[in-house]
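Residues per chain are reported as follows:
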Amino acid sequence: MRFRHPDGSTVHLAYCTNVHPAETLDGVLAQLRDHCEPVRRRLGRDRLGIGLWLARDAAHALVTDPSALRGLRTELEHRGLEVVTLNGFPYEGFGAEEVKYRVYHPDWADPERLAHTTDLARVLAQLLPDDVTEGSISTLPLAWRTAYDQERATAAHTALTTLAERLDALHELTGRSLRIGLEPEPGCTVETTRDALAPLTAIGHDRIGICVDTCHLATSFEDPHTALDALAQARVPIVKSQLSAALHAEHPHLPEVRAALAAFDEPRFLHQTRTLTAAGLRGTDDLGEALAGDALPDASPWRAHFHVPLHAAPAAPLTSTLPVLRAALTRLVGGPHPLTHHLEVETYTWQALPPELRPRARAQLVDGIAAELTLARDLLTDLGLKELP
């Protein structure tokens, strides 16, 4: 979906396909047929943007077989879909029964991460629509915080600098300008936007910036305006923003609130949980840890890294951090000029919701994704952006 900002520039809105597990190119093609095109039709649009997730094997197949890449582009056009952004965070296995810490490997100190992201950039340069010259790729924020020493930090810095040089070369070769955004996430080396300032300033290249995920922003109790103003002041480019909402519990000391939270403690994904105390931010790596005894202070609200559907907040006594998303979006695209032109709805946890909230059929998932995009569209038009055909 495309929108015209009052300054005349185009803002792209997509939804991320990591909600549909696929490790191979055949799986990606099935996603387009079974999910993405039905979402577009459900919205009544001639064109729909998707934030494509390509696992290692799918990306490698595309970059080593030009005919396969041309075939994917043709399939996208045939189904009324367009790609201006990729989700390069998960490397593989995102559809596994247990993902947890695996999603952070390989990290930016490992050669496989640079190789994979280079493949993604080469693929995206060929998938961009003819009238679009700028693409974006989100990636993990350097590494999970443990076992990340100075030697690995130096290796990650070198890898990102090499990537920037490759993106420069790709621009010269194709005319397509691609940027990479580190996506701050609780528990990682770069957990907050503040944490991103030093490494990104040290790299000092406008092709390496940040991806602001509004669920992660909220989970870490960052104020959107303060965070985004700091990025602007430091001249850190906001490559893209993922529109998502976290799980919020206002009174986690109450038994009924803990019982409601326990329904979201599931075995597949990591649900880092945070609370803001007088002494600062406190947290656990997973929701189950927070619920076990006194691992996390419960005198103040808790927020958990669980991407809940944008249009459907959990039932009381829980809610979502949709207000944080609204505030961030206002700052991102509500001013005289957009701080980013790439927006991506990223709710990948539909099948991790409590059983009674999960979509039971493909059509229900299509309806849910369409409802999220409709909410995002309404937020954008309320900010003065005009939806384009």
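Note that the coordinates shown come from a computational prediction; the quantities given were computed from them, not determined experimentally.

### Some remarks on the nonpolar core
Ranked by size, the top nonpolar core spans 113 residues in total, and within it Leu13, Tyr15, Ile50, Leu52, Leu54, Trp108 and Leu373 carry the most contacts. When residues of this core are assigned to their parent elements, the largest contribution, 9 residues, is made by helix H12 (residues 362–382). The next biggest cluster of nonpolar side chains, apart from the first, holds 5 residues, and it includes Leu217, Ala218, Val324 and Ala328.

### Remarks on the layout of surface pockets
Estimated volume of the largest pocket: approximately 270 Å³. The wall of the largest pocket is formed by 18 residues, among which Arg179, Pro237, Ile238, Leu339 and His341 lie closest to the centre. Sorting the residues of the lining of the largest pocket by element identifies strand S5 (134–139), strand S6 (177–182), helix H8 (224–233) and strand S8 (238–243) as the ones contributing at least two each. Top contributing element to the lining of the largest pocket by residue count: S5, with 3 residues. In terms of residue class, the lining of the largest pocket is made up of 8 nonpolar, 6 polar and 4 charged.

### Re the environment of Tyr348
One can find Tyr348 in the loop between strand S14 (342–345) and H12. Judged by relative accessible area, Tyr348 falls into the buried class, the value being 11%. Separated by 109 residues in sequence, Tyr348 and Val239 have C-alpha atoms that sit 20 Å apart.

### Quick look at helix H6 (residues 193–203)
For H6, the set of buried residues is Thr193, Ala196, Pro199, Leu200 and Ile203. Axial view of H6: buried residues confined to an arc of 120°, hence all on one face. Across from the buried face of H6, at angles greater than 90 degrees, the exposed residues are Arg194, Ala198 and Ala202. In the segment just after H6, Gly204 is the residue with positive phi, at about 65°.

### Some thoughts on unusual backbone geometry
Here the residue pair His105 and Pro106 is connected by a cis peptide bond, since its omega of -10° sits within 30 degrees of zero. For Pro106, the position within the fold is in the loop between strand S4 (81–87) and helix H4 (111–127). Phi at Leu142 is positive, roughly 75°, even though this residue is not glycine. Look at Leu142 and you get buried, because its relative accessible area is 7%.

### Details of empty space enclosed by the protein
In this structure the tally under the stated criterion is 4 cavities of 30 Å³ or more. In this model, the largest cavity occupies a volume close to 170 Å³. Around the largest cavity sit 19 residues that line it, and Phe94, Val103, Glu185, His305 and Tyr348 are the ones nearest its centre. For the lining of the largest cavity, a count of residues per class yields 9 nonpolar, 5 polar and 5 charged.

### What about the packing of helix H11 (residues 322–333) against H12?
Angle between the axes and distance between the axes: these two values describe a pair of packed helices. Interaxial distance between H11 and H12 falls to 10 Å at its minimum, and their mutual angle equals 45°. Judged by the inter-axis angle, H11 sits oblique to H12. Taken as a pair, H11 and H12 cross one another with a handedness that is right-handed. Every residue of H12 that contacts H11 at Leu322, Leu325, Arg326, Leu329 and Val333 is listed here: Leu375, Leu379 and Leu380. A breakdown of the residues in the contact of H11 with H12 according to their chemical character gives 7 nonpolar, no polar and 1 charged.

### Observations concerning the packing of aromatic side chains
Evaluated as defined, the whole model comprises 8 aromatic pairs. When the ring of Tyr101 is compared with that of Trp144, the centres are 5.3 Å apart and the planes differ by 85°; the resulting orientation is edge-to-face. Here the residue Tyr101 occupies a position in the loop between S4 and H4, and Trp144 occupies one in the loop between S5 and helix H5 (150–174), the gap between them amounting to 43 residues. Given a relative accessible area of 35%, Tyr101 falls into the partly exposed group. Chaining the aromatic ring pairs together yields one cluster made of Trp53, Phe94, Phe269 and Tyr348. Seen from the ring of Phe221, Arg303 lies directly overhead, with NZ or CZ sitting 4.4 Å from the centre.

### Some details on the sheet that holds strand S9 (residues 245–249)
Pairing in this open sheet of 5 strands is antiparallel, and the strands run S11-S10-S12-S9-S13 from one edge to the other. With partners counted over all chains shown, the strands left at the sheet margins are strand S11 (280–284) and strand S13 (318–320), one partner each. In this sheet, adjacent strand axes meet at a mean angle of 30° when their direction is disregarded. As paired strands, S9 and strand S12 (residues 302–308) are joined by 4 bridges and run antiparallel to one another. Bridge pairing in S12 links His248 to Arg303.

What counts and what doesn't
- Residues numbered from 1 in each chain as written.
- Predicted model: local features only at pLDDT ≥ 70, side-chain atom pairs only at ≥ 80, totals over all residues.
- Heavy atoms only, no water.
- Core = buried A, V, L, I, M, F, W, Y, C linked by side-chain atoms within 4.5 Å.
- Buried < 20%, exposed > 50% of the residue type's maximum accessible area, 1.4 Å probe, protein only.
- Helix = DSSP H or I, 4+ residues; strand = E, 2+ residues; numbered from the N terminus.
- 1 Å grid on protein atoms, 1.4 Å probe; cavity = no way out; pocket = protein on both sides within 12 Å on 5 of 7 lines; lining within 4 Å.
- Points joined across faces, edges and corners; volume = space filled by probe spheres on them.
- Nonpolar A, V, L, I, M, F, W, Y, C, P; charged D, E, K, R; others polar.
- Arc of directions from axis to C-beta.
- Axes fitted to C-alpha atoms, helices over the stretch in contact; angles between N-to-C directions.
- Parallel < 35°, antiparallel > 145°, perpendicular 65-115°, else oblique.
- Left-handed = near helix turned anticlockwise from the far one by under 90°.
- Contact = heavy atoms within 4.5 Å.
- Phe/Tyr/Trp six-rings, centres within 6.5 Å; stacked < 30°, edge-to-face > 60°.
- Lys NZ or Arg CZ within 6 Å of the ring centre and 35° of its normal.
- Pairing = 2+ DSSP bridges.

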